[in-house]
Amino acid sequence: ECPLCLLPQPPEAFPSLASCSHRSCRACLEQYLCLAVSESRVPVSCPHCPAALPPADVHRLLPQPALRDKYEQFLLRRLLAADPGTRWCPAPDCSYAVFAHGCAECPRLTCGREGCGTEFCYHCRQPWHPDGPCAPVPPAPSLATPTAQLAQPEELAHGEALARAGSGRAGAEDIKVCPRCSAFIMKINDGSCNRMNCTVCGCLFCWLCLQEISDVHFLSPSGCTFWGKRPWSRTRRILWQLGMVLGAPMVISLAAGVAVPVITIGIPIYMGRKVLAGGPGSRRSSLSGCQQCLSVTSSVLLSLFVSPIITALTVGVGVPLVLTYVYGTVVLSLCR
């Protein structure tokens, strides 16, 4: 039975995949791949797990030659968009990519497509301007203007794609630009998760500040929150940082004062109750009362020996980390 359409199929109707051991019937896989390629979700993952399907399997299962060509184009565009040295020709109706590694000192680039030859700037990616400074990068277009029309992914000239989050009519602030590849990113600005992943170049960035992020971005005193529609104001951020610096000793002392007795006493109590209650498959019912008492006593005594070590490790590692963050990262951010 196919896990997607739930219909009984003969064994030969289930093609094997090189990426994983999941099986689906050929008709479902073909329909799934057609939808994925049409929506520019490339590379395509297995319908049952995150494993990416190798190009050989995609070519073997895609029924239409046009879709196979489109798949190859999307793979190439994704690869080029992820390359920081690639520049796209700004001329209308020209999607030619120029490899511009090491061109920062000599920023004049020329499109190599036959019949184009457009000259443009390496830094601002605009037509060449020999007598003036680079123009600022234009902001994301507003949907209120007649010229702000977003094409389908297969029609985008520079490999731009829409990363949709939610549904509904988009406003001007619902569309921003990926900080790495300048692809249009669409997200309903409803206060949901601000950690965005560009489907074109794979860049992880913050929706609020449009900066590439690390795992600690939303824990840093940057004013960006994991949820919310806008970052904190400067006044609120400074007050929060001052409160952390001044109140950190009291809060850490209070937390340590609560954590030490809770861990030291709580672990033996928990282990004693766990052993006394037993569980599925335990042999507690076959033990005598004396044996049960000995088992509980030994587990509690062992926990009394282990719990101070766990407490010391928790306090000895956690407190220095918190102090380093507060009086290192927060203080430096406050000084800026």
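Being a predicted model, the structure only gives us computed values, none of them experimental. (Residues numbered from 1 in each chain as written. Predicted model: local features only at pLDDT ≥ 70, side-chain atom pairs only at ≥ 80, totals over all residues. Heavy atoms only, no water.)

### Quick word on the overall build of the protein chain
Looking only at helices and strands, one finds five helices and eight strands in the protein chain. Traced from its N-terminal end to its C-terminal end, the protein chain shows the element sequence α-α-α-β-β-β-β-β-β-β-β-α-α. Long-range contacts, defined here as pairs at least 24 residues apart, represent 43% of the contacts in the protein chain between residues at least 6 apart. Here the protein chain has roughly 20,400 Å² of accessible surface; of this, 62% comes from carbon and sulfur atoms. (Helix = DSSP H or I, 4+ residues; strand = E, 2+ residues; numbered from the N terminus. Contact = heavy atoms within 4.5 Å. Areas by Shrake-Rupley, 256 points an atom, 1.4 Å probe, with all protein chains shown as cover.)

### Quick notes on the environment of V326
Locating V326 in the fold gives a position in helix 5 (residues 289-335). Judged by relative accessible area, which is 4%, V326 ranks as buried. As a C-alpha pair, V326 and V245 span 81 residues in sequence and 6.1 Å in three-dimensional space. When sequence neighbours within four positions are dropped, the list of residues in contact with V326 reads M244, V245, A248 and V331. (Buried < 20%, exposed > 50% of the residue type's maximum accessible area, 1.4 Å probe, protein only.)

### Considerations on the UniProt feature "transmembrane region" (unreviewed entry) in the protein chain
Under the UniProt annotation, the feature "transmembrane region" (unreviewed entry) is placed at residues 238-271 and 309-335. Annotated as residues 238-271, this span is 100% helix and 0% strand, and its ends, taken at the C-alpha atoms, are 45 Å apart. (UniProt positions renumbered as here; feature names shortened; annotations may be inferred.)

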